[in-house]
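Report on the structure
Read off the chains here:
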Amino acid sequence: MRCIESSMKVIETIGEMRSFRQRLTEPVGFVPTMGFLHEGHLSLVRQAKVGNPSVVVSIFVNPTQFGLREDFSRYPRNPERDLALLEKEGTDIVFMPSAADMYPDRFDSWVEVGGLSERLEGAARPGHFRGVTTVVAKLFNIIQPTRAYFGQKDAQQAIVIKKMVTDLNMNVEVVTLPTVRESDGLAMSSRNTYLSLKERQAAVVLYQALSLAQELWSQGETDAGKLRRQMVDLIRREPLATIDYVSIANAETLDKLDRVQPPTLVSLAVKIDRTRLIDNVVLG
Ligand code: AMP
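Scope of this entry: the structure provided in the associated data block. (Residues numbered from 1 in each chain as written. Predicted model: local features only at pLDDT ≥ 70, side-chain atom pairs only at ≥ 80, totals over all residues. Heavy atoms only, no water.)

Counting its secondary structure elements, the chain contains ten helices and ten strands. In terms of C-alpha radius of gyration, the chain reaches 19 Å, essentially the compact-globule figure of 19 Å for 284 residues. On the principal axes, the C-alpha backbone points of the chain span a range of 55 × 40 × 40 Å. Per-residue burial for the chain yields a buried fraction of 53% across its 284 residues. For the chain, the exposed surface amounts to about 13600 Å²; the carbon and sulfur share of it is 48%. (Helix = DSSP H or I, 4+ residues; strand = E, 2+ residues; numbered from the N terminus. Rg over C-alpha atoms; globule rule 2.2 N^0.38 Å. Buried < 20%, exposed > 50% of the residue type's maximum accessible area, 1.4 Å probe, protein only. Areas by Shrake-Rupley, 256 points an atom, 1.4 Å probe, with all protein chains shown as cover.)

Shown next, in the form of structure tokens:
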């Protein structure tokens, strides 16, 4: 265990986390992250602080949620900066386990949410949600939080985790909080750091497409096909952008919709050159 300043504890093993957990004042708020923190992450920490006398933040770049050809090895990392930010927010515990501790040799038990996990991000990134639900279930077991905080930025992730908690009777309240954006609307993401200046300017097209859907819907357009087509047309005008998917779906079941019926999740994944970004809005 390392201590920086007076009160924030940095814990690097599951064993230490378990024993320290018993000393925490209830209720315990928990924010799982992969680090390289930005204001989106910090908004979750702040909300956890408001509702709970103890706040645990985990930093773990989870290998099992990355596909073989994805960016696990180059995913941005800056633990020292992360710790300084979390210390400023008054975090009680930062849990930073090693991959070897979380996934020892012969580890082979998985948590899988059917159906929901196969759509959208799950279809584009096979196995992704199996990795997410497995690591979140492990973290819930280790930390035993009262409440866990997730960002709307990863809308499907929050939906899948809520389903896992319900289906498996986990004793955790899952809270979803709004997406924090840059001043031009781009959703904050650790992966934005991959973008060159030109790509960063092009990346605003995701938010522009979502804003267009919101605007058309507020003007009375409920034909999902028309909304989708206008979004696709707008994104195609950006030369650096390649569409992975643009989806208009029920915000709970993720079933594709022909007509917008609140709550509708409008979500997209777009590659800006080689950087894959996701974003969404909820209509209604
Ligand atoms: P990550 O480190 O990308 O795994 O994200 C950790 C948590 O922060 C997840 O619950 C994300 O949904 C959330 N998050 C990431 N970006 C944002 C954002 N721009 N606004 C709000 N929450 C976010």
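Of the residues making up helix H1 (residues 14-21), those classed as buried are Ile-14, Met-17, Phe-20 and Arg-21. Down the axis of H1, the sector holding all buried residues measures 130°, keeping them to one side. Close packing links the buried residues of H1 with strand E2 (8-11), strand E3 (28-33), strand E4 (54-59), strand E5 (93-95), helix H4 (99-102) and helix H6 (128-143). (Arc of directions from axis to C-beta. Contact = heavy atoms within 4.5 Å.)

Now for the side chain of Thr-179. On the secondary structure map, Thr-179 appears in the loop between strand E7 (173-177) and helix H8 (197-202). Under the relative-accessibility criterion, Thr-179 is labelled buried at 19%. Within the structure, the side chain of Thr-179 is placed 3.0 Å from the backbone nitrogen of Lys-153, a separation counted as a polar contact. Setting aside chain neighbours within four positions, we find Thr-179 in contact with Gln-152, Lys-153, Ala-187 and Asp-279. (Polar contact = N/O pair within 3.5 Å; in protein donor to acceptor, adjacent residues only side chain to side chain.)

Below, the discussion takes up the packing of H6 against helix H7 (residues 155-167). One way to put it is that H6 packs onto H7 with a least axis distance of 10 Å and a crossing angle of 55°. Compared by their axis directions, H6 and H7 come out oblique. Of the two possible hands of crossing, H6 and H7 adopt the one that is right-handed. Taking contact as the criterion, the partners of Phe-129, Val-132, Thr-133, Val-136, Ala-137 and Phe-140 in H6 are, on H7, Gln-156, Gln-157, Val-160, Ile-161, Met-164 and Val-165. Considered class by class, the residues forming the contact of H6 with H7 number nine nonpolar, three polar and no charged. (Axes fitted to C-alpha atoms, helices over the stretch in contact; angles between N-to-C directions. Parallel < 35°, antiparallel > 145°, perpendicular 65-115°, else oblique. Left-handed = near helix turned anticlockwise from the far one by under 90°. Nonpolar A, V, L, I, M, F, W, Y, C, P; charged D, E, K, R; others polar.)

With that settled, consider the site of the ligand. Lining the immediate environment of the ligand, one finds 17 residues, of which Met-34, His-41, Asp-154, Val-180 and Met-188 sit closest. At 2.7 Å from an oxygen atom of the ligand is found a side-chain nitrogen or oxygen belonging to Asp-154. Measuring from a nitrogen atom of the ligand, one finds a backbone N or O atom of Met-188 at 2.9 Å. Protein coverage of the free-state accessible area of the ligand, which is 490 Å², stands at 93%. Those elements giving two or more residues to the shell around the ligand turn out to be E3, helix H2 (39-51) and strand E6 (147-151). Counting residues per element, the shell around the ligand draws most heavily on H2, at three residues. (Near = heavy atom within 4 Å.)

Glancing now at the side chain of Asp-279. Within the secondary structure, Asp-279 sits in strand E10 (residues 275-283). Side chain to side chain, Asp-279 and Arg-181 meet in a polar contact 2.8 Å long. Apart from the residues lying within four places of it in its own chain, the contact partners of Asp-279 are Thr-179, Arg-181, Ala-187, Leu-206, Leu-210, Val-266, Ser-267 and Leu-268.

Spatial strand order, E8-E9-E10: three strands in an open sheet with antiparallel pairing. One side of each edge strand has no neighbouring strand; the edge strands of this open sheet are strand E8 (241-250) and E10. Neighbour-to-neighbour, the strand axes of this sheet turn through a mean angle of 15°, independent of strand direction. Running at roughly 20° to E10, helix H9 (residues 205-218) makes contact with E8, strand E9 (264-272) and E10 of the sheet. Against the sheet, helix H10 (residues 224-236) engages E8, E9 and E10, with an angle of about 160° to E8. (Pairing = 2+ DSSP bridges.)

Buried residues dominate E6, accounting for four of its five residues. Pairing analysis gives two bridges linking E3 to E6, with the strands arranged parallel. Of the residues in E6, the one forming a bridge with Phe-30 is Ala-148. As defined by bridge partners, E6 adjoins E7 across five bridges and the pair is classed as parallel. The residue of E7 that forms the bridge with Gly-151 is Leu-177. Crossover connection from E6 via H7 to parallel E7: handedness right-handed. (Right-handed = clockwise from strand over helix to strand, strands pointing away.)

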